[in-house]
Amino acid sequence: MTKTKFYITTPIYYVNGAPHLGHAYTSTASDVLARWHRLQGDDVFFLTGTDEHGQKVEAAALAAGIAPQAFADRVSADFEDMAKTMNISNDDFIRTTSAHHKQACQTIWKKLEENGFIYLGAYEGWYAVRDEAFYDEAETALKPDGTRYALSSGAAVEWVVEPSYFFKLSAFQDKLLAFYEENPGFIAPTAKRNEILSFVRGGLNDLSISRTSFSWGVPVPGDEKHVMYVWLDALVNYLTAAGYPDDTAERWSYWPASLHLVGKEIVRFHAVYWPAFLMGAGLALPKKVFSHGWWTVEGEKMSKSLGNFIDVRPLVQEFGLDQIRYFILREVPFGNDGDFSREALKRRINSDLANGIGNLAQRTLSFIGKNAGAAVPPKGALQEADEGLLATTHALPEKIRAAMEKLAFHEALDEAWRVIRAADGYIDTQAPWSLRKTDTDRMNTVLNTLCEVLRTLGVVLQPFMPETMSKLLDYLGLSKDRSLSVLNTPLIEGTPLPPPAGLFPRVVEAA
Ligand code: ME8
């Protein structure tokens, strides 16, 4: 049987500044999905990388007094380091300054030109370097000090007049609307879809796709005074990594992408410009663009002026990797905005991880170590309480699958925690510590049931907390096959169990 292909991407991050919580968030969410699909047995290609061209990066390099390429090399390596720290399981890391990517950009440019969708003109209008975006005047406003800014992002805009190539975006309005209609799941969540639909219904202007006032970009083929607009360059990364323009490349079988996961501020680029470019080049369109919300930090927007960008790496050092991964996916319904605070983080670590799954595992496994021969206990006749808990447990993988399908990470975790609470209640009522003195067969059945609960939790939570769940599965004596399908085979009674250690230490408040 051929495996289902699943090609998932993060945005490629600008190398003008250091990686922060927002980048770690998108990458972690994508990672959880990639790992979930692998667990399901899908053939996954997971891509992340860095967006290295454009005016913003050139300006940052200049300010640092370093040549743009050397600057990009340094910051890109820092993004790779962040991915490593967060245990991101990407299959490739693309850099837009690579030779292959340049070739991919120039090929698609020529294709669009050949197909009659590119013409030379002159751009005169507003541009925000911070957003690398062109804005209509109606999308901007004046500040009291007379400077103009983009309403959607707050970024300063400047008046730009320069020769420019244009992409005939206006020719794609009806095609895009028909595509959205036929593929209602293409843009999610629904509120975002509605916003994009109304933007496209309002009419599309042709899009400036080259710049001449700086040179840090991919040269336009045949007219090297121009560099390509950084968003055209950037979006093409998703094709480059799949082998484009070599349609015989093995990677090409992953195209079209299954999912572009992006922050809410860049949906227009992914859900309007990108499908239009692909239609213009005669290429297949991605299946879905999902927009997630933004984090504030301790109630404030992260910004240069406040200097409150959070680097997740020191947090990982302080609180533990899986603790951070869990927190960011549990705290906020995916798609909504949320606030990151140390208090909320500590609360979740203590209540959900240390007192929740950590305590359940420790209670069960240390009890087995001391009182049940440090091996998977044998199961006797099941009673109603066992059957009830096992039914809840065995329903969990499907519930998680359904939640993951709609990227409802918080719901997936909530379902798992329902099982944890049910198991806690079960231990209290079954009281294995009393059974130890009165009925060891029954005690073993209770412990076997708890091992099955822990095994199920350990397997399905691997995508969220890979390191810790791998430890838990080690403590349960599971062999190396830890995909969802192992849950179809019974636990092997008598498997010796190693001495367990605590999974999640409590965070102790400084006095
Ligand atoms: O936009 N909360 O790169 P970028 C949550 N290069 N997520 C956040 C965030 C926050 N406060 N801040 C940033 C670009 N993000 C382009 C993309 S793709 C072809 C080109 C995340 O470095 C979120 O995923 O500005 C957002 O979309 C991304 O970082 C923007 O990263």
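The residue numbers shown here count from 1 along each chain, following its written sequence. Local features are withheld for residues below a pLDDT of 70 in this predicted model, meaning they are given only at 70 or higher, and side-chain atom pairs are given and counted only at 80 or more; totals for whole chains, interfaces and linings count all residues. Hydrogens are left out, water is left out, and the side-chain values use all remaining heavy atoms of the structure.

Draft legend 1. How the structure looks around the overall build of the protein. Working definition: helices are DSSP H or I runs of at least four residues, strands are E runs of at least two. Numbering for both runs from the N terminus. A count of helices and strands for the protein gives 18 helices and 18 strands. Put simply, the radius of gyration uses C-alpha atoms, and a globule should come to 2.2 Å times the residue count raised to 0.38. Relative to the globule expectation of 24 Å for 511 residues, the C-alpha radius of gyration of the protein, 26 Å, shows essentially globular dimensions. With the principal axes as the frame, the protein shows a C-alpha extent of 90 × 60 × 40 Å. Going through the 511 residues of the protein one by one, you find that 57% of them count as buried. Here, residues are in contact when the closest pair of their heavy atoms is within 4.5 Å. Here the contacts in the protein between residues at least 6 apart in sequence split such that 76% fall between residues at least 24 apart. All accessibility values rest on the Shrake-Rupley procedure with a 1.4 Å probe; residue burial counts only the protein chains present in the view. Only carbon and sulfur atoms are counted for the fraction: they give 52% of the accessible area of the protein, which is about 21,200 Å². In this count, Lys and Arg are taken as positive residues and Asp and Glu as negative ones, while His and the chain termini are left out. To locate a charge, take atom NZ for lysine, CZ for arginine, CG for aspartate or CD for glutamate. For the protein, the separation between the mean place of its 51 positive charges and that of its 63 negative charges on side chains is 3 Å. For every residue, the accessible area obtained with a 1.4 Å probe (protein chains only) is divided by the maximum for its type, and the residue is called buried under 20%, exposed over 50%, and partly exposed between those limits.

Draft legend 2. Seen up close, the site of the ligand. Working definition: residue near molecule or strand if any one of its non-hydrogen atoms lies within 4 Å of it. Near the ligand there are 23 residues, and of these Ile12, Tyr14, Thr26, Asp51 and Trp295 occur at the shortest range. The protein chains hide 94% of the 670 Å² of surface that the ligand would expose on its own. Elements represented by at least two residues in the shell around the ligand include exactly β1 (5-14), α1 (21-39), α7 (230-235) and α8 (237-240). Ranked by residue count, the leading element in the shell around the ligand is β1, at four residues. The residue inventory of the shell around the ligand, partitioned by class, reads twelve nonpolar, nine polar and two charged. Amino acid classes used here: Ala, Val, Leu, Ile, Met, Phe, Trp, Tyr, Cys and Pro are nonpolar; Asp, Glu, Lys and Arg are charged; the rest, including Gly, are polar.

Draft legend 3. Quick look at the side chain of Thr445. Residue placement: Thr445 occurs in helix α17 (residues 440-460). On the basis of relative accessibility, which here comes to 2%, the residue Thr445 falls in the buried class.

Draft legend 4. Region of interest: the pairing of β1. Within β1, nine of the ten residues are buried, leaving the element largely enclosed by the surrounding structure. Summarising the sheet, β1 and strand β2 (residues 43-51) pair through eight bridges and their orientation is parallel. Looking across to β2, one finds that Tyr7 is bridged to Phe45. Looking down the strands as they point away from the viewer, one classifies a crossover as right-handed if the path from the first strand across the helix to the second runs clockwise. Where the polypeptide runs from β1 across α1 and back to β2, its parallel neighbour, the crossover connection is right-handed. Should DSSP find at least two bridges between two strands, the strands are taken to pair.

Draft legend 5. Broad picture of the pattern of salt bridges. Between Lys or Arg on one side and Asp or Glu on the other, a salt bridge is scored when a side-chain nitrogen of the former is within 4 Å of a carboxyl oxygen of the latter. Going through the model one piece at a time under the given rule, you end up with 33 salt bridges. A salt bridge links Asp73 to Arg95, with the shortest nitrogen-to-oxygen separation between them at 2.7 Å. Taken together, the residues Asp73 in helix α3 (residues 68-85) and Arg95 in strand β3 (residues 92-95) connect sequence positions 22 residues apart. Lys346 is the partner of Glu343 in a salt bridge, and the nearest nitrogen-oxygen pair spans 3.7 Å. Note that Glu343 and Lys346 are positioned in helix α12 (residues 342-371) at a spacing of three residues, about one turn of the helix. Residue classification places Lys346 among the buried positions, given a relative accessible area of 14%.

Draft legend 6. Structural view of the environment of Asp322. Locating Asp322 in the fold gives a position in helix α11 (residues 321-330). With relative accessibility at 2%, the residue Asp322 sits in the buried group. Taking C-alpha positions, Asp322 is 46 Å from Trp159, a pair spaced 163 residues apart along the chain. Setting aside residues up to four positions removed in sequence, Asp322 forms contacts with Phe464, Met465, Pro466, Glu467, Thr468 and Phe504. Among the polar contacts listed, one links the side chain of Asp322 to the backbone nitrogen of Glu467, at a separation of 3.3 Å. In protein, a polar contact requires one atom able to donate a hydrogen and another able to accept it; more generally it is a pair of N or O atoms within 3.5 Å, and residues adjacent in sequence count only if both atoms are side-chain atoms.

Draft legend 7. Representation of the sheet that holds strand β8 (residues 158-167) within the structure. Read from one edge of the open sheet, four strands run β5-β4-β8-β10, paired in antiparallel fashion. The open sheet terminates on both sides in strands that have one partner only, identified here as β5 (133-135) and β10 (207-208). With two bridges connecting them, β8 and β10 associate as antiparallel partners. Within β10, the position partnered with Phe166 by the bridge is Ser208.

Draft legend 8. Examining unusual backbone geometry more closely. Going from Tyr244 to Pro245, the amide bond is cis rather than trans, its omega being 5°. Within the secondary structure, Pro245 is located in the loop between α8 and β14 (259-263). Here the residue pair Trp255 and Pro256 is connected by a cis peptide bond, since its omega of 5° sits within 30 degrees of zero. Position of Pro256 among the secondary structure elements: in the loop between α8 and β14. For Glu298, which is not glycine, the phi dihedral falls at a positive 45°. Secondary-structure assignment places Glu298 in the loop between β16 (295-297) and β17 (300-301). For Glu298, a relative accessible area of 48% translates into the label partly exposed.

Draft legend 9. Seen up close, the packing of aromatic side chains. Pairing of aromatic rings covers Phe, Tyr and Trp, the last through its six-membered ring, and needs centres within 6.5 Å; plane angles under 30 degrees mean stacked, over 60 mean edge-to-face, and all others mean tilted. On inspection of all chains with the given rule, the structure shows 32 aromatic pairs. The interplanar angle of 65° and the centroid separation of 4.7 Å between the aromatic rings of Tyr127 and Phe134 together place this pair among those described as edge-to-face. When sorted by exposure, Tyr127 lands in the same class as Phe134, which is buried. Relative to Trp417, the ring of Tyr326 has its centre 5.0 Å away and its plane inclined at 40°; by these criteria the two rings are tilted. Taken together, the positions of Tyr326 in helix α11 and Trp417 in helix α15 (residues 409-430) put the pair 91 residues apart, joining distant regions of the chain. The buried category is assigned to Tyr326, whose relative accessible area is 1%. Taken together, the ring pairs connect Tyr7, Phe45, Tyr238, Tyr244, Trp252, Tyr254, Trp255 and Trp274 into an aromatic cluster. Here Lys5 stacks its cationic end above the ring of Tyr254, 4.6 Å away from the centre of that ring. The positively charged end of Lys143 is found above the aromatic ring belonging to Tyr149, 5.7 Å away from the centroid. Two conditions define a charge sitting above a ring: the NZ of Lys or the CZ of Arg must be within 6 Å of the ring centre, and it must be within 35 degrees of the ring normal.

Draft legend 10. Geometry of the pairing of β8. Pairing of strand β4 (residues 118-128) with β8, which is carried by ten bridges, proceeds in the antiparallel orientation. Considered in β8, the bridge of Ala122 is made with Pro163.

Draft legend 11. Examining the sheet that holds strand β15 (residues 289-292) more closely. Across the sheet, six strands lie side by side as β3-β2-β1-β14-β15-β9; this open sheet has parallel pairing. Each edge of the open sheet is held by one strand with a lone partner, namely β3 and β9 (187-188). Sheet analysis places β14 next to β15, joined by four bridges and oriented parallel. What sits directly across from Val262, in β15, is Ser291. Axes, fitted as lines to C-alpha atoms, cover a helix only where it is in contact. Angles between the N-to-C directions of the axes lie from 0 to 180 degrees. Sheet strands touched by α3: β1, β2 and β3. Its angle to β3, the strand with the most contacts, is close to 155°.

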